[in-house]
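Chain by chain, the residues run as shown.
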Amino acid sequence: MIKCDSCGKRHPENTLFCDECGAYLQAEEHQRTNPLAVEEVDWTEADLGVTGMFDEASPLPIVIRLSIADSGREIEFPVSKEITLGRVDAASATFPDVDLTPDNGLEKGVSRRHARILRKTGELYVEDLGSVNGTYLNGKRLTPYLPHALKDEDEIRLSRILMHVRFA
Amino acid sequence: MDIQVDLYAVLGLKPHATPDEIKTAYRMLARRLHPDARGESNVDERFLHVQEAYEILSSAEQRQAYDRGREAAGLVSPPALVVDHTLNYTALPRRDEEQVAYALLRIAPHPRIEHKRLPFNLCLVVDHSTSMQGVRLQRVKEAVNTIIDNLEDQDVFSLVTFSDRARVVIEAQPYLDKAAAKTQVRSIHSAGGTEILHGLRSGLTEIRRWRSVDRSSHLVLLTDGQTYGDEEECIAEAQAAGAGQITITTIGIGQDWNDQLMDEIARRSGGTSHYIDSASRVTASFRSCIRSLSTLFARDLILRLHSPEEVRIQKAYRVAPYMESLDLHTGTLSLGYLDIEQPQSLMLQYLVRAQRPGKVNLAELTFEAVVPSLAEREQRVTHRIEIEVVDGLTLSAPPPPHMISVLGKLAIFEMQEKTMQDLADGELEQASHRLETMATRLLSIGENELAKAALLEAGRLSRTGNLSPEGRKRIRYGTRGLSMLSKEVHGDQV
């Protein structure tokens, strides 16, 4: 018998998901994102002007380059619709487009689905996906699930991983 | 082993015979041909042949090798259906308590069978009650005209409108005069209330006038309202339609229609139900119905489940092309039709009591289907799922990621079903709590829109004690649509 951590229901051995609350029952403890020590931060105000439609017609993808401060890794990719950032975790079938595991993502508190960069009406936005340790744009913590405009030379921080944004 | 010899024929059987049939046939023949029984000292050569045939066909491995050899040599036509499976673990540790084993199945048409589209026998049954007035009815008429434009000469087409009464606008007929038909469509006006039964009955009558095995019979029912008092009879009609190989697709438009009734009508007849929130989607929705009719490969697909005593099936779901829980009552699953381009995927959840090391036969699956494009229409394919039981095994590697992803979505789907059950039982607090949990799970897999809808409805439920009709439909049909492309379900490269 195994017991569901979140609702307490009991299941036969090898059950993968709790049918009561939907929790994954085989998650290994060390793979979870642990909350890091909390610092006092200002939450940026809601920027509600950006909930337009995706600009399907815009033909040219915007290419951006992320330079990760600590590891020195540079990643360049086109954003045609959206790019997710986080940590690959096969056990929960999470495969973000940009995997921060090689940059010590787990130790630095990056969630599996941490943030995304998306494109609406030709502009780029960054959005926190309800991560445990937060996403910061130029030092300000973003309200989860609210996209914020992203500009050339901006600084994004996913938990403790700092990265520079350059539009190519 | 000589593949030129038809060992099945030696036993008086067909190539898709089940292991039980093989055993029975062998016993019967052996008893008859045995030298002792015949009272002769010399051995009948037929007896030797029967024994040799049984030796090969009774072993799963040898039988498979023999079948493949004959197929490769072009001696037999390939089976109409190709079935494969993935298990969460291919081996289980020996344990005294029961363990879960998941099998993800894929059922696809054999790639070597050429597909030809059967002519349709199609009836559109359209609600023209007062609530359909204006743009909605206009869009429906345009959609009907698109269908008419795409008909071929051999297709039988009919159109029925209904409100409190039903009217046959276009009688069932092949070689339709398209221009005249469109004039008839123009004559449709909105009036009256909604009584689905009348429309359904008239539509089915039209279809039955032209029923034949050479056409695929289908009824599309579109409504925007609730029907009053005739639900039971509607379901009975749907059941009878299904028994007569007429499938019904239901399309609910807007917010006020009865989703449970629409689902039930579709399910009983082996069809599917759809939800569209805006009239502008009617054309697309009709088109996809027609498309799926043109790509129909097999119909009346059923799966007979059989497992040994130490194994029992717990749950069965269809996971692609859409999610649905399947009724395990009879030990036979009705799977409706199989599309040439879209394989079906099922998830079977078993409980295994693995007390002895060695091979366990998790399941013997027998699929039966009618494949209209083949000379031999009735097809049967068997598939066996085996699992190894090992002493002292530790399961270290995680199950295949695509399997986890499918099961995660099924868990959400199941929560949705439980929420609806809670609501029906008046357990409002429970339902609201479940919706909130569901929203968290939806967010974690990136389904933000659906998560938002679930959260909104959880809030509304605790404030008002009700879901909004729109939110209820969005959640029901949204979770059902969580299933993915078949390629994703099975972890293939997309």
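Residues numbered from 1 in each chain as written. Chains lettered and ligands numbered in written order. Predicted model: local features only at pLDDT ≥ 70, side-chain atom pairs only at ≥ 80, totals over all residues. Heavy atoms only, no water.

Some remarks on the interface of chain A and chain B
Short version of the rule: By definition, residues are in contact when any of their heavy atoms lie within 4.5 Å. Two parts placed together each lose some accessible area under a 1.4 Å probe, and adding up what both lose gives the buried area. For salt bridges, the criterion is a side-chain nitrogen of Lys or Arg within 4 Å of an Asp or Glu carboxyl oxygen. Here a polar contact means two N or O atoms within 3.5 Å. Within protein one must be a hydrogen donor candidate and the other an acceptor candidate, and residues neighboring in sequence count only if both atoms are side-chain atoms. Each residue is assigned to one class: nonpolar for Ala, Val, Leu, Ile, Met, Phe, Trp, Tyr, Cys and Pro, charged for Asp, Glu, Lys and Arg, and polar for all the others, Gly among them.
With 27 residues of chain A in contact, the opposing surface of chain B contributes 31 residues. Taken together, the two surfaces of chain A and chain B that pack against each other cover about 2,100 Å², and 54% of this comes from carbon and sulfur. Between the two partners, chain A and chain B, sit five salt bridges. The partner of Asp19(A) in a salt bridge is Lys418(B), and the shortest N-O contact between them spans 3.9 Å. Our count for the chain A to chain B interface comes out at eight residue pairs in polar contact (both at pLDDT 80 or more). Residues that form the side of chain A that touches chain B fall into these classes: 14 nonpolar, six polar and seven charged.

What about the pattern of salt bridges?
All names here are of chain B. Stated formally: Only DSSP runs of H or I covering at least 4 residues are called helices, and only runs of E covering at least 2 are called strands; the numbering of each starts at the N terminus. Residue exposure (1.4 Å probe, protein chains only): buried if accessible area is under 20% of the type maximum, exposed if over 50%, otherwise partly exposed.
As enumerated under the stated definition, the model contains 48 salt bridges over all chains in all. In this structure, the salt-bridge partner of Arg 63 is Asp 67, at a minimum N-O distance of 3.9 Å. Of this pair, Arg 63 and Asp 67 both sit in helix α5 (residues 60–72), four residues apart, which is roughly one turn of that helix. Of the residues examined, Arg 63 reaches a relative accessible area of 9% and is grouped as buried.

Here we look at the confidence of the model for chain A
All names here are of chain A. For clarity, the threshold we go by: Confidence scores per residue from the predictor, reported as pLDDT, run from 0 to 100.
Taken as a whole, chain A shows an average pLDDT of 78; of its residues, 78% reach a score of 70 or greater. Looking at the elements of chain A, mean pLDDT is at its lowest for strand β4 (residues 74–79), recorded as 82, and at its highest for strand β12 (residues 155–158), recorded as 94. Contacts for the low-pLDDT stretch residues 44–59, under 50 throughout, to residues beyond four places or in other chains number 28 contacts.

Some remarks on helix α13 (residues 428–444) of chain B
All names here are of chain B. Counted only if it meets this: Here the expected length of a helix is defined as 1.5 Å per residue gap, with one fewer gap than residues.
For α13, which comprises 17 residues, the first-to-last C-alpha distance of 25 Å matches the rise-based estimate of 24 Å (1.5 Å per residue) to within 8%. Residues of α13 that are buried sit in contact with α12 (401–424), α14 (448–464) and α15 (469–480). Count one or two residues on from α13 and you reach Gly 446, which has phi positive near 85°.

Brief notes about the nonpolar core
Residue and element names in this part refer to chain B. The criterion, for reference: Residues enter a nonpolar core if they are buried and are Ala, Val, Leu, Ile, Met, Phe, Trp, Tyr or Cys, with the set joined through side-chain atoms within 4.5 Å.
In this structure, Leu 365 and Phe 367 are the most contacted members of the largest nonpolar core, which totals 38 residues. Examining the composition of this core, we find that six residues originate from one element, strand β15 (residues 358–370), more than from any other. Ignoring any residue separated from it by four or fewer positions in sequence, one finds Phe 367 in contact with Leu 81, Val 83, Leu 105, Ile 107, Leu 301, Ile 302, Leu 303, Leu 335, Gln 379, Arg 380, Val 381 and His 383. Grouped together as the second largest cluster of nonpolar side chains are 35 residues, Val 100, Tyr 317, Met 323 and Leu 351 included.

What about the pairing of strand β3 (residues 62–68) of chain A?
All names here are of chain A. The condition is simple: Any two strands between which DSSP finds at least two bridges are classified as paired.
By the criterion of burial, β3 is predominantly enclosed, with five of the seven residues buried. Bridge analysis of β3 against β4 gives six bridges, and the strand direction is antiparallel. Residue Leu 66 lies in a different strand from β4, and its bridge partner there is Ile 75. Hairpin connection between β3 and β4: a loop of five residues separates the two successive antiparallel strands, and Gly 72 in this loop has a positive phi of roughly 75°.

Considering unusual backbone geometry
In this chain, Ala320(B) is followed by Pro321(B) through a cis amide linkage whose omega measures 5°. Here Pro321(B) shows up in the loop between β11 (311–320) and β12 (324–325). Unusually for a residue other than glycine, Asn104(A) sits at a positive phi of about 60°. Following the sequence through the fold, Asn104(A) ends up in the loop between β6 (98–99) and β7 (113–120). Assessed through its relative accessible area of 41%, Asn104(A) is described here as partly exposed. Residue Tyr175(B) is not a glycine yet carries a positive backbone phi of 45°. Relative to the helices and strands, Tyr175(B) is located in the loop between β6 (166–173) and α7 (178–186).

Some remarks on the sheet that holds strand β14 (residues 344–352) of chain B
Residue and element names in this part refer to chain B. For clarity, the cut-off: Fitting a line to C-alpha atoms yields each axis, with helices limited to the stretch in contact; the angle taken between N-to-C directions then spans 0 to 180 degrees.
Reading across the sheet, the five strands line up as β1-β3-β14-β11-β12 and stay open at both edges, with antiparallel pairing between neighbours. With partners counted over all chains shown, the strands left at the sheet margins are β1 (81–87) and β12, one partner each. Packing of α12 onto the sheet brings it into contact with β1, β3 (99–109), β11, β12 and β14, and relative to β11 it is tilted by some 90°.

Some words on the sheet that holds strand β7 (residues 216–223) of chain B
Residues and elements named next belong to chain B. Reading across from one edge, β6-β5-β4-β7-β8-β9 is the order of the six strands in this open sheet, with mixed pairing throughout. Lying at the two open borders of the sheet, with one neighbouring strand each, are β6 and β9 (273–276). When the angles between neighbouring strand axes are averaged without regard to direction, this sheet yields 15°. Here strand β4 (residues 120–127) pairs with β7 via seven bridges, running parallel. Across the sheet, the residue bridging to Val 126 is Leu 222, located in β7. Across the face of the sheet, helix α8 (residues 196–209) comes into contact with β4, β5 (156–162), β6, β7 and β8 (246–253) while running at roughly 160° to β7.

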